[in-house]
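Okay, here's what each chain looks like letter by letter:
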Amino acid sequence: MADQRNGNGCLANGYAAGNPYEINLDIFSARLQALYSHWRDHKADFWGSSDVISIATPPTSEDLRYLKSSALNIWLLGYEFPETIMVFTTKQIHFLCSQKKASLLEVVKKSARDSVGVEIFMHVKAKNDNGTNQMDDIIRAIIAQCRSDGVEAPIAGYIAKEAPEGNLLETWAEKLKKSSLQLNDITNGLSFLFAVKDLGELTNVKKAAYLTASAMKFFVVPTLEKIIDDEKKVTHSSLMDDTEKAILEPTRVKVKLKAANVDICYPPIFQSGHNFDLRPSASSNDDYLHYDSAGVIICALGSRYSSYCSNIARTFLIDSTAMQSKAYEVLLKAHEAAISALKPGNNANSVYQAALTVVEREAPELAANLTRSAGTGIGLEFRESGFTLNPRNDRVLKAGMVFNVTLGFQNLQTQIKGSKTQNFSLLLADTVIITDGRNEVATALSSKAVKDVAYSFNDDEEEEEQPKVKVESNESDAFYSKATLRSDNQEMSKEELRRQHQAELARQKNEEIARRLAGGGSGTGDGPSMKTSSDLIAYSNVDQKNEAIILPIYGSMVPFHIAAVKSVSSQQDTNRTSIIRVIFNVPGIPFTPPDASTLKDQGAIYLKEVSFRSKDSRHIVDISAMIKKLRRNVLARESEKAERATLVSQQKLIVAGNKFKPIRLSDLQIRPVFGGRGRKLPGTLEAHANGFRYSTSRQDERVDVMYDNIKHAFFQPAEKEMITLLHFHLHNHIMVGNKKTKDVQFYVEVMEVVALAGGRRSAYDPDEIEEEQRERERKNKLSMDFQNFVNRVHDLWGQPQFKGLDLEFDQPLRELGFHGVPHKASVFIVPTSSCLVELIETPFMVVTLSEIEIVNLERVGLGQKNFDMVIVFKDFKRDVLRIDSIPSASLDGIKEWLDTTDIKYYESRLNMNWRAILKTITDDPQHFIDEGGWEFLNLEASDSESADSEDSDQGYEPSDAEPESESEDDDSGSESLVESDEDEEEESDEDLEEEEGKTWEELEREASNADRERESDSEDERQRRKIKNYGKSRAGPSFNASKRMKR
């Protein structure tokens, strides 16, 4: 309970080690000074002119209650001290308590003496004693102290509304009444003392508010949606119990707070049907949750962190009528007006008046149904007396105050007669912190916008009646055979079938490319034409908005637009004077392309450079920095503007209204990220009528992705990765912040990085096992949330208006994946039913299979650990995509996948110069077709026709005579070794004598080297014959490619 919680969240800096209750002495000193200062300055106004302050804290109770005596304990000492009496005088503080509490309070004696100059006296009572003797001592001491101060009739201040509980407090109350002390109420003084919170208190309020809003957003809203979707019968009281448990376990609502510091302010309130009570004392009854058409559900939550309170209330509309929607919109505007009126210096009654003014202007007929106050102060007490936001309270608001801003309409009537929804009420509440600037709504995490609280389930029911068309992908079954075990004979038969299929694909590919190239070009349209630069604009009136610099020239101030400035520099000479030098963009500068405007005005005179000297070096440096910053900002803006000018215009997003609640997935990050140096905020992805919208709490962070601009959509759950993601590959570029991109990804991290203190942990460590279990549960929950979102979007895309877009979320097939290097780092590349993708590391890779012309597997040969894959696209003006360093173990699986997807592939033992090859094809496409198309890459065909090639090609020479071969000494050495192996019987005695000095191991090593060189020579010969067969007219590029890449 509260007596075990530290109200300030800080540990003491001087108490005995090992004690669980430690008082923060710094906070105690600061707040004790604040208490005595406020008491001294406002003694007559708020403290009842009291000379003595008596605070009696009652015993603990299981009931939720808010007492000012307990609040003072927590505010001053950090804990609640039940059955304790504190008496404050101008020079003394008396504590009457048990021995254990007295030992805890010993530590504050020195701090009290140093901070306010008072002495603390401990009066310890026995366990079963009522403390009568100690009370008499205290009363005698305070009367003597007051008389020494010249007060003959002292006044004792006490909390009048708190009735004494227990034997100790009842005895103390009787003693005060019988004494000569006059009693006055000090409730107002304590209210003002608690009203303005310090930094530590505001932190506790923010934590409590974050927990409250998270419980509303991540537990209450999903629970209500599931109940309504499944049409379950659930009582208000059971919802109350489940929500209370969720608040008391913060991890269930994605909040990392210690459960020991968390409590509820009141049992959660759920109301629906026709019985509504907007008072804070309302409770959840045993009626079933009512969510029929025109139904209203009110939910109010309050949680405490370290005894500091927060509150939130939301109203949810189910298939609302026009009258209900209007009433809610008016209430929302009034609530925002009340929050805006919470400004330092305003009176408390102005807050309610601001809300009432909105209601009277927007819907005067609802003014009579508005609640009689706009909320109360909140902190250690759920309702701080003296700071109620009603028309009669004229107290001044200050920065640091916290308010529970609560507004509602009660006892409203709908047009539906004789139903449970005829009577309804509306309620909104938020925890708001007053600051010197814009007020902080601490519970803003839970949205109260109309689109987030208005549900329309009639339309959803009609959609559910339509049959769901979902094609189950069976590519995994078709491709899984590559991982099964097969005998050698079966492997050979499979290879033969693959070769036959590849031969048929080659024939079809040559026919297709002949048809495509016969019309000229590479089958692609011209790109968008770039805008020519506009004429220079001369500025007649120059100010800062025109982004110009003003320079003094011959006594006149002459403006120059920042775009005319090429560079700015500043330096200091030997005479301690500084020089600033401005160089302008003028025509005729070397390596600068001519501009249209300068070519048009060739007779004009241009200013190339100006320099100014000043003795104020700091001023020169500042001016130089300002000009550079202005130029940098303008260049960045113009660059972004040029990028946006090339974008294809898209239709505007049609935001879902009340009848269609958008499909929502929350707490997502986006890639590419938005610009700026601030903390990256999570956002929400919503599926609307014609596109997706991603937005964060920042107004300028918003991205719209239209359905008709989506080329491919991917859903990749986290299996061996750290993230679960949704990825969209687009037809046309869009802007994400100031970045132009065709790939937009929304993801969430399924695992968190945990730093292990104390080194490695055992696999049987209970904490480690529990942490792993939590990670698994989080991973499974995120996968389910993503899967539900994908399924609901699939249902949306199944509607008739989206049939032509052919949209569907594709899921990567991990069992077909392989490692490779498409850019700079090795990544895991995974095929899908229509693409080859890599979506984890940036830059992303998305290759559409239908756009692939051929695939060439390079550096394939015996003894190679890796090979490369080159993807040639049908658009020959597009550069090929290289995927390097693929493990050779993945070769068979890749060939199986390519063959199954009807993609023609070739193999080669060398890397090719593809830029030169594609240029040769585009320059003379007819010759490329006549020479057999891509068959010049077919090593098997060149091997089978090698004999014919040798007969027909009279210009062919052995490999040792080729100009690009290795040195003659190497070739001759290789040749002699081969001949000695073949003609071993004819070796002379002289040769044998030369070899006598070599061991058998050396001879075997030389023989193996010779075999490898001979195999390499034969491969080179086949490659050269292949290039010659491809056509002597194109020997230049191919010859150069093979020569450059030879290894």
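Structural notes, computed from the coordinates. In this text the structure is predicted, and so the values were computed from the model without any measurement. Starting from 1, residues in each chain are numbered consecutively following that chain's sequence as written. Two thresholds apply to this predicted model, a pLDDT of at least 70 for residue-level local features and 80 or more for giving and counting side-chain atom pairs, whereas whole-chain, interface and lining totals are computed over all residues. Heavy atoms throughout the structure, all of them, feed into the side-chain values; hydrogens and water do not.

A few words now on the overall build of the protein chain. Helix and strand assignments follow DSSP, with helices taken as H or I runs no shorter than four residues and strands as E runs no shorter than two, numbered in order from the N terminus. Looking only at helices and strands, the protein chain has 27 helices and 37 strands in total. Looking at the 1047 residues of the protein chain, the share that counts as buried comes to 45%. Note on contacts: a residue pair qualifies if any of its non-hydrogen atoms lie within 4.5 Å across the two residues. Long-range contacts, defined here as pairs at least 24 residues apart, represent 67% of the contacts in the protein chain between residues at least 6 apart. Here the open area of atoms and residues is found with the Shrake-Rupley method and a 1.4 Å probe, where only the protein chains shown may cover a residue. Carbon and sulfur atoms provide 49% of the accessible area of the protein chain, an area that totals close to 55000 Å². The classification of residues rests on relative accessible area computed with a 1.4 Å probe and restricted to protein chains. Under 20% of the type maximum is buried, over 50% is exposed, and intermediate values are partly exposed.

Bringing the packing of helix H10 (residues 322–340) against helix H11 (residues 348–362) into the picture now. Every axis in this analysis is a line fitted to C-alpha atoms, fitted for helices over the stretch in contact. Angles between the N-to-C directions lie between 0 and 180 degrees. Where H10 contacts H11, the two axes come as close as 8 Å, and the packing angle between them is 150°. One finds that H10 runs roughly antiparallel with respect to H11. In the packing of H10 onto H11, the handedness of the crossing is right-handed. Residues Lys326, Val330, Lys333, Ala334, Ala337 and Ala338 of H10 touch H11, and the partners they reach there are Val351, Ala354, Ala355, Val358, Val359 and Glu362. Any residue that is not Ala, Val, Leu, Ile, Met, Phe, Trp, Tyr, Cys, Pro, Asp, Glu, Lys or Arg is counted as polar, Gly included; the first ten are nonpolar and the last four charged. For the contact of H10 with H11, the class distribution of residues is 9 nonpolar, no polar and 3 charged. Throughout, the term roughly parallel applies to angles under 35 degrees, roughly antiparallel to angles over 145, roughly perpendicular to angles from 65 to 115, and oblique to all others. Crossings are classed by handedness, with left-handed meaning an anticlockwise turn of the near helix from the far one by less than a right angle and right-handed meaning a clockwise turn.

The subject of this paragraph is the packing of aromatic side chains. For this analysis, a ring pair means two rings from Phe, Tyr or Trp (six-membered ring only for Trp) whose centres lie within 6.5 Å, classed as stacked if their planes differ by under 30 degrees, edge-to-face if by over 60, and tilted for the remaining angles. Taken as a whole, this structure holds 25 aromatic pairs when the rule is applied. Taken together, a centroid distance of 5.2 Å and an interplanar angle of 90° make the contact between Tyr707 and Phe802 edge-to-face. Residue Tyr707 is located in the loop between strand E25 (702–706) and strand E26 (710–716), and its partner Phe802 is located in the loop between helix H18 (766–797) and strand E29 (809–810); the two are separated by 95 residues in the primary sequence. Relative accessible area serves as the criterion here: at 7%, Phe802 is assigned to the buried category.

Quick look at the nonpolar core now. Put simply, buried Ala, Val, Leu, Ile, Met, Phe, Trp, Tyr and Cys residues joined by side-chain atoms within 4.5 Å make one nonpolar core. Counting residues in each nonpolar core, the largest one holds 135 residues, and the members touching the most others are Phe88 and Leu426. Of all the elements, helix H8 (residues 199–230) adds the most residues to this core, at 14 residues. The contacts of Leu426, once residues within four sequence positions are left out, are Leu278, Val296, Ile298, Thr315, Leu317, Ala327, Tyr328, Leu331, Leu407, Gly408, Phe409 and Leu412. Membership of the second largest hydrophobic core comes to 37 residues, among which are Leu668, Ile670, Tyr707 and Ala713.

Let us look at helix H9 (residues 236–248). Across its 13 residues, H9 extends 19 Å between first and last C-alpha, which sits within 8% of the 18 Å expected from 1.5 Å per residue. Every buried residue belonging to H9 is among His236, Ser237, Leu239, Met240, Thr243, Ala246 and Ile247, and all of these are buried. Tucked inside the fold, the buried residues of H9 contact H8, strand E7 (262–264), strand E8 (269–272) and strand E9 (295–305). Helix span, expected: 1.5 Å multiplied by one less than the number of residues in the helix.

Where burial is concerned, most of strand E24 (residues 691–695) is hidden: 4 out of the 5 residues are buried. Criterion used throughout: strands pair if DSSP finds at least two bridges between them. Between the antiparallel neighbours strand E23 (residues 683–687) and E24 lie 3 residues. Bridge count between E24 and E25: 5 bridges; the pairing is antiparallel. Across the sheet, the residue bridging to Arg693 is Asp704, located in E25. Between E24 and E25, which pair antiparallel and follow one another directly, the connecting turn spans 6 residues.

Computed over the protein atoms alone on a 1 Å grid, cavities are sets of points where a 1.4 Å probe fits but cannot get out and pockets are open sets with protein on both sides within 12 Å along at least five of seven lines; a residue lines them when it has an atom within 4 Å of a point. Grid points are joined across faces, edges and corners, and a volume is the space filled by probe spheres set on the points. Counted under the stated rule, the structure contains 4 cavities of 30 Å³ or more. Of the voids in this model, the second largest cavity is the one considered here, and its volume is about 60 Å³. In terms of lining, the second largest cavity is formed by Gln669, Ile670, Val673, Phe674, Lys680, Leu681, Tyr694, Thr696, Arg698 and Glu701.

Next up on the list: the sheet that holds E24. As summarised here, the arrangement of the 8 strands in space is E25-E24-E23-E22-E28-E27-E26-E29, forming an open sheet in which the pairing is mixed. Both edges of this open sheet fall to E25 and E29, since each of them pairs with a single strand only. Relative to E23, strand E22 (residues 663–671) runs antiparallel, the two being bridged by 4 bridges. Bridge pairing in E23 links Leu668 to Gly683. Taken strand by strand, H18 contacts E22, E23, E24, E26, strand E27 (723–736), strand E28 (739–749) and E29, and its axis lies near 115° from that of E22.

Within the secondary structure layout, Gln92 lies in strand E3 (residues 92–97). On the basis of relative accessibility, which here comes to 15%, the residue Gln92 falls in the buried class. Two N or O atoms form a polar contact when they lie within 3.5 Å of each other; inside protein one atom must be a possible hydrogen donor and the other a possible acceptor, and for residues adjacent in sequence the pair counts only when both atoms belong to side chains. Of note is the side chain of Gln92, whose polar atom sits 2.9 Å from the side chain of His94. Each residue touching Gln92, except ones within four places of it in the same chain, is listed here: Tyr36, Val87, Val118, Glu119, Phe121, Ala141 and Gln145.

The strand order across the open sheet built from 3 strands is E19-E20-E21, with neighbouring strands paired in antiparallel fashion. Of all the strands in the sheet, the pair left with one neighbour each is strand E19 (565–572) and strand E21 (609–614). The sheet shows a mean angle of 15° between the axes of neighbouring strands, taken without regard to direction.

The next point concerns the environment of Pro925. Summarising the element assignment, Pro925 is placed in helix H21 (residues 925–930). Here Pro925 falls in the partly exposed class, since its relative accessible area comes to 22%. For the pair formed by Pro925 and Ile513, sequence separation is 412 residues and the distance between their alpha carbons is 9.3 Å.

Here the focus is the pairing of E23. Of all 5 residues in E23, 5 are buried, a share of seventy percent or more. Alternating residues of E23 divide into Gly683, Leu685 and Ala687 and Thr684 and Glu686, and every residue in both groups is buried. For E23 and E24, the ladder comprises 4 bridges, and the chain directions are antiparallel. Bridge pairing in E24 places Thr684 opposite Ser695.

What follows deals with H8. With 32 residues, H8 should cover 46 Å at 1.5 Å per step; its first-to-last C-alpha distance of 45 Å lies within 8% of that length. Capping the start of H8, Asp198 holds a side-chain oxygen 3.2 Å from the backbone nitrogen of Gly200, two or three residues further along. Immediately downstream of H8, the backbone of Glu231 shows phi near 55°, a positive value.

The axes of two packed helices give the description: the angle between them and the distance between them. With their axes 9 Å apart at the nearest point, helix H1 (residues 25–41) and helix H4 (residues 109–116) run at an angle of 45° to one another. Here H1 is positioned oblique relative to H4, judged by the angle of their axes. As for how H1 packs across H4, the hand of that crossing is right-handed. Taking contact as the criterion, the partners of Leu25, Phe28, Ser29, Leu32, Gln33 and Tyr36 in H1 are, on H4, Ser111, Ala112, Ser115 and Val116. Per-class residue counts for the contact of H1 with H4 are 6 nonpolar, 4 polar and no charged.

Right, let's get into the pattern of salt bridges. Opposite charge on two side chains allows them to pair when their charged atoms are near. Here, a salt bridge means any Lys or Arg side-chain nitrogen found within 4 Å of an Asp or Glu carboxyl oxygen. For the structure shown, the criterion picks out 42 salt bridges. Among the salt bridges present, the one from Glu384 reaches Lys197, with a minimum N-O distance of 2.7 Å. In this pair, Glu384 is assigned in strand E12 (residues 384–388) and Lys197 in the loop between helix H7 (187–195) and H8, connecting sequence segments 187 residues apart. Taking the relative accessible area as the measure of exposure, Glu384 reaches 4% and is therefore buried. Relative accessible area serves as the criterion here: at 6%, Lys197 is assigned to the buried category. Note that Glu686 and Lys451 form a salt bridge whose closest N and O atoms lie 3.4 Å from each other. Within this pair, whereas Glu686 is found in strand E23, its partner Lys451 is found in helix H12 (residues 450–453), the two being separated by 235 residues in sequence. Owing to a relative accessible area of 5%, Glu686 belongs among the buried residues under this scheme. In this structure Lys451 comes out as partly exposed when scored by relative accessible area, which is 33%.

Tracing the backbone shows Ser624 in helix H17 (residues 617–645). Judged by relative accessible area, which is 2%, Ser624 ranks as buried. With sequence-adjacent residues up to four places away left out, Ser624 is seen in contact with Val568, Ser569, Ser570 and Ile580.

Moving on to the environment of Leu937. Inspection of the secondary structure puts Leu937 in the loop between H21 and helix H22 (939–944). The exposure class of Leu937 is buried, given its relative accessible area of 1%.

All right, on to unusual backbone geometry then. The step from Arg671 to Pro672 runs through a cis peptide bond, and the omega angle for that step is 0°. Relative to the helices and strands, Pro672 is located in the loop between E22 and E23. Between Thr842 and Pro843 the backbone carries a cis peptide bond, its omega angle lying at -5°. On the secondary structure map, Pro843 appears in the loop between strand E32 (835–838) and strand E33 (845–848). At Ser885, a position not held by glycine, the phi torsion is positive, near 55°. Its place among the elements puts Ser885 in strand E36 (residues 881–887). According to the relative accessible area criterion, Ser885 is partly exposed, its value standing at 35%.

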